[in-house]
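Structure at a glance
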Amino acid sequence: MKFTLSWLKDHLETDADLDAITDKLTAIGLEVEEVIDPGAGLADMVVAEIMSAERHPDADRLQVCTVTDGVNTYSVVCGAPNARQGLKGVLAKPGAVIPATGDVLKTGKIRGVESQGMMCSVRELSLGEDHEGIIELGANAPIGAGAADALQVEPVIDIALTPNRVDALGVRGVARDMAAAGMGTLKSLDESPVSGNGPCDVTVSINLAKEHTHLCPHFVGRVIKGVRNVQSPDWLQARLTAIGLRPVSALVDITQYINIDLGRPLHAFDLSKVGSTIGPRLAEKDEKLLALNGTEYTLEAPMLVIADENRALAIAGVMGGEESSCTEGTTDIFLESALFDPINIARTGRDLGIVSDARYRFERGVDPASSQSGAEIATRMILEICGGEASDLVMGGAAPDTSRTITFDPAHVARLGGVDVPSDESRAILERLGFGVVPEKEKAWTVSVPSWRRDVEGEHDLIEEVLRIYGYDEIPMKSLPRLSSVRPSFNYEQRRTRRIRRALAGRGLNETTTWSFLSEAHALEFSENKHIFPLENPLSADLDVLRPSLLPNLIAAAARNGARAMPNVALFEVGPRFEGNAPGQQTLVAGGIRTGDAVTRHWKVHQRMVDAFDAKSDALTALAAAGVDVDRLQIGEAEKNPKPSWYHPGQSGTLCLGPNVLAHFGTLHPSVLKRMDVDGTAVGFEVFVDRIPQPKKLTGPARKGYAPSQFQPVERDFAFVVDTDVQGGDVVRAVRGADKTLITDVTVFDVYAGDKVASGKKSIALSVRLEPVKATLTEADIESLSTRIVSAVKKSVDGQLRD
C-alpha cells in the first residue's frame, strides 16, 4: 500500500513531519517497508528556460537550444519534439546523475555540436513512463529553482499490511488509525448524496439464483451524461504516478484514485457500448471476454460477470472488459459500485491468473456498507473534473446487515495485554477507531463494530486494538520466572539420533531426506516377506507404497547422480522404515550407501572402489555414536541371522549384540542394482536405531573417562594360526579378555592363507597395545601377559601361536 504524505494529509489534520509519521505507522502495526523519495535524485536538477531553439546543422530531428538557469547559459542539443523557445523545463548540468540510468552526465559533442547538459523527460527523472518529450513546467515556475520543488515531488510511503487489515487498503483507513494514535485529527468526508436530474436510463438486474445471491448482494449504479473524458488534473496524475500507476484518462484515473483513497473499487462503462439492463450473473460455459489487459479469457460458472442483456461486459470484481471501456470519445457513462463475495473473487482471480487492485481488495473484504457512499463520492469527483449531469442512483439488492456488538471488559486489557490502560483511554481509542462504545453500569461494555472492520470478531480483537494504538512500547518489561531445574531440550533418543547424524557426516557421507514412499516394484525388491503397504491416496504412481527400507530411495538418488556424470556418491538418511500401515509399525533406521571410487586416482595413493568394509566402517561408526561398545559386537551367523537378499551373499555381514541384530552391511546385490539402473558397484548399511539398548543407569560412582597412562606403553605383535572359518573379531575379543586393564587396543594388521600354513588354516596377525596403570611393565610382566594372551586364544578359538 503506497501513498504520499500530502495524500495522507488530505484526510489527516496534522503538523507531524515525515519521520514522526513513519515511526508511528510502524508502531501501530502498519509497518513501513520503504520510504521512496524521488526528490533525492533531483538535487542536481534545476528549472531552466529555453531562450532559443534552432535546428541542428547535421540532424533534422535535433535542435540546438540555448538554455538559461538564471545565472548561466548552456548550449544543449535536444531531440524532444516539444523543445521550443520559451519552454520551461528541467535541466541536468554536467556532473549530474541521471536517476533513470545512474549515469553521470558529461559535456560531449553530438553530431559535431557541443552539448553542455540535458533537458529531461519524465522517464529520465524516474517520475513516470512518459518519454515522448521533455517536461513542460508552468509559466510561473521560477528559473533556477530546484526541480524537486517545481515538480512538487514528495516522498512515497510504502506500508506492509496483514491480510486482515483491508480497512487500511485505503488512505483514509490509514489516516483513521493515525488519528486514533494521537497524530492528528481525522477530517470529515463528504458522503452526502448527489442530486440526480432524473431516473437512470439503465435498469439493474441481479440475475442470480437464490443460492447464489451472496455472490453479489448489493449493486449500485447511475448514468452520468455529457462528461469530457480529458486528461486528469496535474495533482491527480502526480499522485497516481507517484505510487506507480499510469494515468490513462480522467474517468479511469478517478476510479483508480477512489480505489486507493477509500479502498472502494469502482468501474465506469461507456454507456453507448452497453444495453439498457445491466447486472451480475454467473458466467456461461466457455464464455469469452476481452479484458482491459488485452487478454481474452474463457469463463465458466461459478465465475461472476457484469453483463447487459446481450453479453458479458466485465469480470466482476476482477477486471473490466475492453469492448465496454471508456475512451477519449466517451461522453456518457454508467458508473458501477458493487459488493462481491471475497471467496468467489479470489477463486476467479486465481483460476484466470489475473492480479488487479480491485481483486486485491475484494478478496480481502471491502467495506460492505460502502457501495452507495462510494458511488456518491465518485460521482461528485467526476462532475467536478469531467462535468456532465448525473441521474438518480439505481440499485439492486441491499447492503448486508453487518451490525454486531461485542461485550468488552476494559479490565481485561491489563490481564491479557500486560499494561494497565485507563478505562477512559480505552474508550477514547475505540471511539476514534470508529467503534461505538456504550458503558454499562457493570464492568463490561457493549461495543458496536464498524462495517469496515470485518476482522474484529471478539473481545480479544478489541484488546489488541487498544494495545496497538496505546503503544506496544508501553508494555513494561518483565523477566520470565526462573525454573528451579532446567529440563534438557532433547530426550535420550533425540540426542542419540543427532550423534549418529554427526558421526556419519564426519565419515564424509552427505545427509539427505527422501520420500517415505516409493514404487511397488522397488518395495518388493527390499521386502523379505514380499509384504507391501500401499497408500490410499498416493502422490503419484511412482510413490504409492510405504518404504520397507531406506536403501531403495538412496539408491535411486545415486542413480540420478550417476546419470549426470557424478558416479562417486556417499549418502545417508536417518528416518523410519515401515513394517505395517498402523501406528507404531515403523522403526527408526540409519541407512547409507556409497558408489564409485572410495579413493580416486592420485599419484601418492592407490585407487580403489568402495567395498563391503567401507559399509562396515560406516555401520560401526553409527553404532559407536549411539553408545554401543563395538568391541562386544559379533558378526552374525548366516543360519541364525540371515542377511537380506538385496546384499551380496559373499560380501556382506550382520552386526549383532547377542541375539539382537543391530545392523546389516555389505555390497548390494548386482541384480538389484541392475534393476534400479545403477551402474558399477554400490555398498550400503542399515543400522536399526530403535534396537540399540539404552545404557544402564549407574548405581555406583561414574566410570572415569579414558586418560593416557603416565607410564611407557608397550606394543607386541602376535600371529595365530586358526581354522579358516574362525572370524577375526572372535580372536580380537579373546585377546582383549586376557587382561581388560592393561590391554587398551587390539588391531588386526594381516590375514594370510597359503602354502606357509596348513590346509584349512589361516594366520591372523594382531598388534596389541599395553598401557600400564601403576608402574612401568617389566619383561617378566610382559612375558606373563603374553602367556595369558596365547592361552586365551587357545581356549576361545583353538588358535596356535604361529612359529
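Whatever comes next refers back to the structure up there.
This text gives an overview of the structure that appears in the document. Here the structure is a predicted model, which means the values were calculated and not measured. (Residues numbered from 1 in each chain as written. Predicted model: local features only at pLDDT ≥ 70, side-chain atom pairs only at ≥ 80, totals over all residues. Heavy atoms only, no water.)

**Some points on the pattern of salt bridges**
- Applying the stated rule across the entire model yields 40 salt bridges.
- With a closest N to O distance of 3.2 Å, Arg577 and Glu579 form a salt bridge.
- A relative accessible area of 14% places Arg577 in the buried class.
- By relative accessible area, which is 40% here, Glu579 ends up partly exposed.
- Across the salt bridge formed by Lys794 and Asp798, the nearest N and O atoms sit 2.7 Å from each other.
- If you follow the salt bridges from partner to partner, you end up with Arg165, Asp167, Asp177, Arg453, Asp455, Glu465 and Arg468 in one network. (Salt bridge = Lys/Arg side-chain N within 4 Å of Asp/Glu carboxyl O. Buried < 20%, exposed > 50% of the residue type's maximum accessible area, 1.4 Å probe, protein only.)

**Considerations on the sheet that holds strand S35 (residues 634-635)**
- As summarised here, the arrangement of the 7 strands in space is S28-S31-S32-S38-S37-S36-S35, forming an open sheet in which the pairing is mixed. One side of each edge strand has no neighbouring strand; the edge strands of this open sheet are strand S28 (510-511) and S35.
- Here strand S36 (residues 647-657) pairs with strand S37 (residues 660-668) via 7 bridges, running antiparallel. Looking across to S37, one finds that Cys656 is bridged to Val661. (Pairing = 2+ DSSP bridges. Helix = DSSP H or I, 4+ residues; strand = E, 2+ residues; numbered from the N terminus.)

**As for the environment of Ile143**
- As for its placement among the helices and strands, Ile143 is situated in the loop between strand S10 (118-119) and helix H3 (147-150).
- The exposure class assigned to Ile143 is partly exposed, which follows from its relative accessible area of 32%.
- Residues Ile143 and Arg239, 96 residues apart in the sequence, show an inter-C-alpha distance of 24 Å.
- Residue contacts for Ile143: discarding those within four places in its chain leaves Val47, Ala48, Glu49, Thr68, Asp69, Gly70 and Lys88. (Contact = heavy atoms within 4.5 Å.)

**Comments concerning helix H11 (residues 423-432)**
- All buried positions along H11 are accounted for by Ser426, Ile429 and Leu430. Down the axis, H11 shows its buried residues gathered within 95° of arc, on one side only.
- Buried residues belonging to H11 abut helix H4 (171-180), strand S25 (405-408), helix H10 (412-417), strand S26 (436-439), strand S27 (445-448) and helix H12 (459-470).
- Looking one or two residues beyond H11, the residue adopting positive phi is Gly434, at roughly 100°. (Arc of directions from axis to C-beta.)

**What about the layout of surface pockets?**
- In this structure, the largest pocket occupies an estimated 1,600 Å³ of space.
- Forming the walls of the largest pocket are 41 residues, and the residues nearest its centre are Val122, Asp234, Gln237, Ala238 and Thr241.
- Within the residue set of the lining of the largest pocket, elements represented by two or more residues are strand S1 (2-4) and helix H5 (234-242).
- No other element matches the 7 residues that H5 contributes to the lining of the largest pocket. (1 Å grid on protein atoms, 1.4 Å probe; cavity = no way out; pocket = protein on both sides within 12 Å on 5 of 7 lines; lining within 4 Å. Points joined across faces, edges and corners; volume = space filled by probe spheres on them.)

**What about empty space enclosed by the protein?**
- This structure, assessed with the given rule, holds 1 cavity of 30 Å³ or more.
- Looking at the largest cavity, its volume works out to about 50 Å³.
- Lining the largest cavity we find Leu289, Leu290, Arg311, Ala312, Leu313, Gly321, Glu322, Glu323 and Ser324.
- Contributions of two or more residues to the lining of the largest cavity are made by strand S17 (287-290) and strand S20 (312-315).

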